[in-house]
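Structural characterization, general
Single-letter residue listing:
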Amino acid sequence: MDVRRDYERSCQVAAVLFFLLLLPQGSAFATSLRTLEGQRIHSDAGSIDLRFRLREDIRSDQHEHALLIGVSADSRERYEIRIVNDKLNARRYFGGCLLSAFLYAHDFRVGDWHSLRFSWNGATTELLVDQDSVALHELLAVDDLGTVLPGVGLGRESSLEIGGFRSSSDSPTVQTSSDRDFALGTTCPNIDALIGEAAQENQRGIALKHFPDQRSRDTITSYLNLLPDPMTSAIATIVYVEDARMPKRGGLGGAQPRSRSLVLKGSSFSDPTVFFHEAAHLYDFRVKINFGVPEPQNEWAAISGVSCYKKATDIAEFAEYFQKTHVQNGILAAQGGQCASEDLAIWVGAVYDYYLKNKTFTDMMNPSSPKYSDKTRKKLDFLLQKGFFSQVVYDKVTSR
Ligand SMILES: [Zn+2]
């Protein structure tokens, strides 16, 4: 499920998820993964074995190097194994909203082959690197269990080599009672069930679902009425989710491209920076400015100069870099500085927020202002031209 926070923290996860949702065909990610035809991963109980070696030293490289990104044959579980700098991380998303995460500080030398086994049984997951057991970093409930098409993708890039992939329904792992109890005690949001509910009303061809009252639907209808037609056609459903139903680490909203659903958390459903942010993700998905295009052809990244690769950067280091550069780069929030698709959505959310609050971007468009960036006008013009908001909205947020 792709319920995502807008600005602060989990957008990074969400950005990854957004890519993952598109992974199987033609996405930017897919260009660096080799799809293993005829291979399947077994959910609930199973194991993966592979071997790999580094072809170059990547310890100071900020890019992620994916060893494997896979989805079980029944689409219920997702597995990711990556190397970022001097860490190997492995993740298993399962059980509707659970995540087992491993973080292994590696000392892989260029050229040496290493073995890896990832195995699971019920709520328990294990990772072995070179036959050594890696301690579980955390088992927790998450809100971003994106379901994607089943498949197995192995990393394909010049920095590493992967071989000997094997997947089995046999698992050496034994489920522990503590993991089982954690899973049993966790309530998953099951937002798909809400998306499947009957519509309370339809506005501009969009079904509103699970809202508590007429007033809340009227607020959303007033937002929908601001959107250009093409943008509304990217949205099929808007669903309101009570706070208690959202997982603790959950975000304020989400966008689920698969069902074209916009998900809003109850306590912040009327925040324009959430609603229009998520609407922008769905429309971006439709027009494929950030998704489904190879990185060099990403028009938004060409303006903003950021790509999702930056998300792998050390956060403290990145914050320092961001403080120094975000004005000149025309980036509004740190998550936008780490990922082009988030930057676009944050901008769209901000434009509507400013419009509704009678604020303008003119300071950022005035060359004598310390907030000035030539990218401000470029970004606003681009978004207008691509249909993310109307001329009326544009004129108001750019005029004194
Ligand atoms: Zn976002």
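Before reading on, note that the structure itself is shown above.
Reading the values: the criteria
- Residues numbered from 1 in each chain as written.
- Predicted model: local features only at pLDDT ≥ 70, side-chain atom pairs only at ≥ 80, totals over all residues.
- Helix = DSSP H or I, 4+ residues; strand = E, 2+ residues; numbered from the N terminus.
- Buried ≥ 20, exposed ≤ 12 C-beta atoms within 10 Å, placed from the backbone.
- Pairing = 2+ DSSP bridges.
- Axes fitted to C-alpha atoms, helices over the stretch in contact; angles between N-to-C directions.
- Parallel < 35°, antiparallel > 145°, perpendicular 65-115°, else oblique.
- Contact = placed C-beta atoms within 7 Å.
- Nonpolar A, V, L, I, M, F, W, Y, C, P; charged D, E, K, R; others polar.

**A few points about unusual backbone geometry**
Most peptide bonds take the trans form, and the phi angle of most residues other than glycine is negative. In the Ramachandran plot, Asp44 falls in the positive-phi region, its phi being about 70° despite a non-glycine side chain. Note on placement: Asp44 falls in the loop between strand 1 (33-35) and strand 2 (45-54). One non-glycine residue, Arg260, lies in the positive phi region at around 50°. Secondary-structure assignment places Arg260 in the loop between strand 16 (253-256) and strand 17 (261-265).

**Some remarks on the pairing of strand 5 (residues 87-94)**
In terms of residue burial, strand 5 counts as a mostly covered element, since six of its eight residues are buried. With seven bridges connecting them, strand 4 (residues 78-84) and strand 5 associate as antiparallel partners. Within the sheet, the bridge partner assigned to Ile81 lies in strand 5 and is Ala90. As consecutive antiparallel partners, strand 4 and strand 5 are separated by two residues, and within that stretch Asn85 has a phi angle of approximately 55°, a positive value. Sheet topology places strand 5 next to strand 6 (residues 98-105); eight bridges connect them, and they run antiparallel. Its bridge partner lying in strand 6, Arg92 is registered against Ser100. Between strand 5 and strand 6, which follow one another and run antiparallel, lie three residues, and Gly95 among them has a positive phi close to 65°.

**Side note on the packing of helix 10 (residues 340-356) against helix 12 (residues 391-398)**
Look at helix 10 against helix 12: their axes get within 9 Å of each other, and the N-to-C directions meet at 75°. Viewed along their axes, helix 10 and helix 12 adopt a mutual orientation that is roughly perpendicular. Only Val393, Lys396 and Val397 of helix 12 make contact with helix 10, whose side of the interface consists of Val351, Tyr352, Tyr354 and Tyr355. Looking at the contact of helix 10 with helix 12 residue by residue, the classes come out as six nonpolar, no polar and one charged.

**Examining the sheet that holds strand 14 (residues 206-209)**
Strand order across the open sheet formed by five strands is 13-14-15-17-16, with mixed pairing between neighbours. Of all the strands in the sheet, the pair left with one neighbour each is strand 13 (201-203) and strand 16. Between one strand axis and the next, the sheet turns through 20° on average, direction left out of account. Note that strand 15 (residues 237-241) and strand 17 share five bridges and pair parallel. Note that in strand 17 the partner of Val241 across the bridge is Lys265. Sheet contacts for helix 6 (residues 272-287): strand 16 and strand 17; angle to strand 16, the most-contacted strand, approximately 15°.

**Topic: the environment of Leu36**
Summarising the element assignment, Leu36 is placed in the loop between strand 1 and strand 2. Separated by 116 residues in the primary sequence, Leu36 and Val152 have C-alpha atoms spaced 5.5 Å apart. Dropping the residues within four chain positions of it, Leu36 is found in contact with Val152, Leu154 and Phe165.

As far as function goes, none of this settles anything; it's purely spatial.
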